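# Observations on the three-dimensional arrangement
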Amino acid sequence: MASEDDSAAEFWAHLQDCCQAERPHLSAEDWSRGGYGPAAEAHEDVPTAAAGEGLVAPPETRFLASPRWNKLLEDLMEPKCDALVLHSSSASFRQDFRRLAEAAGVPCVFLAEGFSDIWSLEALAEYYGEEEWRISDTHGLTMTLRNYMRYVRVQEGGLGSTDELDELLVQQRQWELCGDALMIAPHDAPLALYDSQFADIAEGELLQDYAVPSCFRGDLLRHLGDEADRPPFRWILMGCSRSGTGMHVDPLRTDAWLLLTQGLKRWAMFPPGTSWESIGLDAKAPQLEAVHWFAHFVENRQSMPTAVEVLQRPGQCVFIPAGWLHCVLNLEASVAITHNYLAEPAVQLEDDDDPAGSLRERVRQSWRVMQAEEPQLVERFRDAMQRERPDLMCCLSGGEDVGKHVDVGEHAGIGEHAGSGERVL
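Note that residues are indexed from 1 along each chain, following the sequence as it is written. At least 70 in pLDDT is required for a residue's local features to be given in this predicted model, at least 80 for side-chain atom pairs to be given and counted, and no such filter applies to totals for whole chains, interfaces and linings, which use all residues. Only hydrogens and water are set aside; all other atoms, that is, all heavy atoms of the structure, feed into the side-chain values.

### What about the pairing of strand β14 (residues 325-330)?
On any regular strand, side chains alternate: one points to one face of the sheet, the next to the other face. Exposed residues in this analysis have more than 50% of their type's maximum accessible area, buried residues have under 20%, and partly exposed residues fall in between, with area computed by a 1.4 Å probe over protein chains only. Helix and strand labels come from DSSP, where a helix needs a run of H or I of at least four residues and a strand needs a run of E of at least two; each type is numbered from the N terminus. Summarising burial for β14: six of the six residues are buried, a large majority. The alternating pattern of β14 places Leu325, Cys327 and Leu329 and His326, Val328 and Asn330 on opposite faces, both of which are buried. Summarising the sheet, strand β9 (residues 244-248) and β14 pair through three bridges and their orientation is antiparallel. Bridged to glycine 244 within β14 is leucine 329. Strands pair, by our definition, only if DSSP identifies at least two bridges between them. As paired strands, strand β11 (residues 265-270) and β14 are joined by six bridges and run antiparallel to one another. Of the residues in β14, the one forming a bridge with tryptophan 267 is valine 328.

### Looking at the confidence of the model for the chain
Known as pLDDT, the predictor's confidence for each residue is given on a scale from 0 to 100. Predicted confidence across the chain gives a mean pLDDT of 87, with 86% of residues reaching 70 or more. Predicted confidence for residues 399-425 stays below pLDDT 50, and this span has 96 contacts to residues more than four positions away or in other chains. Between two residues, a contact is recorded if the distance between any of their heavy atoms is within 4.5 Å.

### Details of the nonpolar core
Judged by nonpolar contacts, the single largest core of 78 residues is most densely connected at Phe97, Trp133 and Ile236. In this structure, isoleucine 236 is in contact with Trp119, Leu124, Trp133, Leu193, Tyr194, Asp195, Phe198, Leu206, Val335, Ala336 and Ile337, ignoring residues within four places of it in sequence. Residue types Ala, Val, Leu, Ile, Met, Phe, Trp, Tyr and Cys, when buried and joined through side-chain atoms within 4.5 Å, form a set referred to as a nonpolar core. The next biggest cluster of nonpolar side chains, apart from the first, holds 29 residues, and it includes Ala189, Phe270, Ala307 and Cys327.

### Notes on a negative patch on the surface
On the surface, Glu130, Glu131, Glu132, Glu203 and Glu205 cluster together into a negatively charged patch. With respect to the helices and strands, glutamate 203 occurs in the loop between β7 (193-195) and β8 (234-239). In this scheme, patches are assembled from residues that exceed 30% relative accessible area and form no salt bridge. Like charges are connected within 9 Å, while nonpolar side chains (Val, Leu, Ile, Met, Phe, Trp, Tyr) are connected within 5 Å. Accessible surface is estimated by sampling points in the Shrake-Rupley manner with a 1.4 Å probe; for residues, cover comes only from the protein chains shown. Just to be clear on terms, a salt bridge is a Lys or Arg side-chain nitrogen sitting within 4 Å of an Asp or Glu carboxyl oxygen. Two residue types count as positive, namely Lys and Arg, and two as negative, namely Asp and Glu; His and chain ends fall outside the count. Here the site of a charge means NZ on Lys, CZ on Arg, CG on Asp, or CD on Glu.

### What about the sheet that holds β14?
Taken in spatial order, the four strands of this open sheet run β9-β14-β11-β12, and their pairing is antiparallel. Edge positions in the sheet fall to β9 and β12 (308-312), since each has one partner strand and no second. Taking each pair of neighbouring strands and ignoring which way they run, the sheet shows an average axis angle of 15 degrees. On top of the sheet, helix α7 (residues 290-300) reaches β9, β11, β12 and β14; it is set at about 105 degrees to β14, its chief contact. Comment: axis = line fitted to C-alpha atoms, over the contacting stretch for helices; angle = value between 0 and 180 degrees taken between N-to-C directions.

### Re the packing of aromatic side chains
Pairing of aromatic rings covers Phe, Tyr and Trp, the last through its six-membered ring, and needs centres within 6.5 Å; plane angles under 30 degrees mean stacked, over 60 mean edge-to-face, and all others mean tilted. One pass over the structure, following the stated rule, counts 18 aromatic pairs. A positively charged side chain is recorded as over a ring if its NZ (Lys) or CZ (Arg) lies within 6 Å of the ring centre. The angle to the ring normal must also be within 35 degrees. Its end group placed over the ring of tryptophan 31, arginine 23 keeps NZ or CZ at 4.1 Å from the ring centre. The ring of phenylalanine 233 has arginine 230 lying over it, and the distance from NZ or CZ to the ring centre is 3.9 Å.

### Structural notes on the side chain of arginine 360
Here arginine 360 lies in helix α8 (residues 358-373). Polar contacts, as used here, are pairs of N or O atoms within 3.5 Å; protein pairs need one atom able to donate a hydrogen and one able to accept it. Residues neighboring in sequence count only if both atoms are side-chain atoms. Within polar-contact distance, the side chain of arginine 360 engages the backbone oxygen of alanine 346 at 2.9 Å.

### Notes on the sheet that holds strand β13 (residues 316-320)
Ordered by their spatial adjacency, seven strands build an open sheet running β3-β4-β13-β10-β15-β8-β7, and the pairing between neighbours is mixed. The sheet terminates laterally at β3 (84-85) and β7, the two strands that pair on one side only. Bridging between strand β10 (residues 255-262) and β13 involves four bridges; their strand directions are antiparallel. Pairing of alanine 256 across the sheet is with isoleucine 320, part of β13.

### A short note on unusual backbone geometry
The phi torsion at glutamate 203 lies on the positive side, around 55 degrees, for a residue other than glycine. Non-glycine residue arginine 242 carries a positive phi angle of around 80 degrees. Residue classification places arginine 242 among the buried residues on the basis of a relative accessible area of 2%.

### Some thoughts on the environment of glycine 246
Positionally, glycine 246 belongs in strand β9. Judged by its relative accessible area of 1%, glycine 246 falls in the buried class. Considered as a pair, glycine 246 and tryptophan 293 are 47 residues apart in the sequence and their alpha carbons are 7.2 Å apart.

### Description of the side chain of arginine 234
Relative to the assigned elements, arginine 234 resides in strand β8. With relative accessibility at 10%, the residue arginine 234 sits in the buried group. One polar contact links arginine 234 to glutamate 227, side chain to side chain, over a distance of 2.6 Å. Excluding anything up to four places from it in sequence, arginine 234 contacts Asp195, Ser196, Phe198, Ala199, Leu207, Tyr210, Glu227, Thr338 and His339.

### Things to note about the pattern of salt bridges
Should the charged atoms of two oppositely charged side chains come close, the side chains can pair. Within this structure, the stated rule accounts for 21 salt bridges. Here arginine 33 and glutamate 289 are joined by a salt bridge, their closest N and O atoms 2.9 Å apart. One end of the pair, arginine 33, is in the loop between α1 (4-22) and β1 (39-40); the other, glutamate 289, is in the loop between β11 and α7, with 256 residues separating them in the sequence. The class for glutamate 289 is buried, based on a relative accessible area of 5%. The closest approach of N and O atoms between arginine 266 and glutamate 309, which form a salt bridge, is 3.0 Å. Of this pair, arginine 266 sits in strand β11 while glutamate 309 sits in strand β12, and the two are 43 residues apart along the sequence.

Structure (structure tokens):
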């Protein structure tokens, strides 16, 4: 049977592997280059043999808060919602969303249906702590939620609330934190869990705990058939403060929605056509972590194009139109559910709240990008449209000059849904 020390060493080694896979362009020191994480005060290295005994009080592990993060946090906590606000309780909500947001390509925010209280980091760790959760679709490495919470406690600078925990469990976590704080550096932009396969956890229990908001039910990609036959389209997102996703565009010219169940997220969104250089980025360079981009943004806001900024709170759903650049930062430990989808136009144009035919143009754009980014989907999607929506076959033409029609960009891809570092963007 492995000792506590062996188990801890395996965890630390696996964590290093995950960091390297997530951002291979960064050295271990680069993860802390900005000084945004809390630093553990040095203390005597006490042997952890008593960790499972619950007999010896662990040494106190104290952390020094980062002045740089506190300063940035103060600015980003300012209430902000530049997006269109819709009221989901309105009788005309679905029509308003279709016409004013989805067809118009305008970001919006609305209050969504409630989730069960299981949708928090603490509750998920209690129920599913030994399950393996995917960090990113790019490399597929996983981590148990129990071990991820060990990492979170170092990055958040303490155990958090222990009021509902028994004394022995608190002591065990204090011992773990004592050792982990010596071995795990405070990261500027900590790892997050971005699991597109969460339907496989506990035989799909989590799928029963939420419903897709009614305004998002029309998805052309559902016609591909079985969910296993389509690209990843839904993710559960879990991360501590300072984690998030750097600037990106979602894949296949799809729209997206994200419903926050715990924490706070700060958004900055820019419309299609915004150049990467104008917002301080190089489209060809590895993705810059969200915390570093927002620090630059706060200092240079006045010289950049106007962003649509949102401070998202639990229960709110953010709609991200296709082609919009967006960067997202967790200001607190957060949990969210997100889907990508290709909005389905009505069969008869006059029956849709899209008189200009914008959604059909979206299908054309998605088809062009699909040919460039997901060629293995092309034949299946064409067959699905021929079978289920032959009226849209006129949209499936061209594509040889993708760059002339759609600014795909180096960071076009899964974004907030694939992982917290470099990905298939």
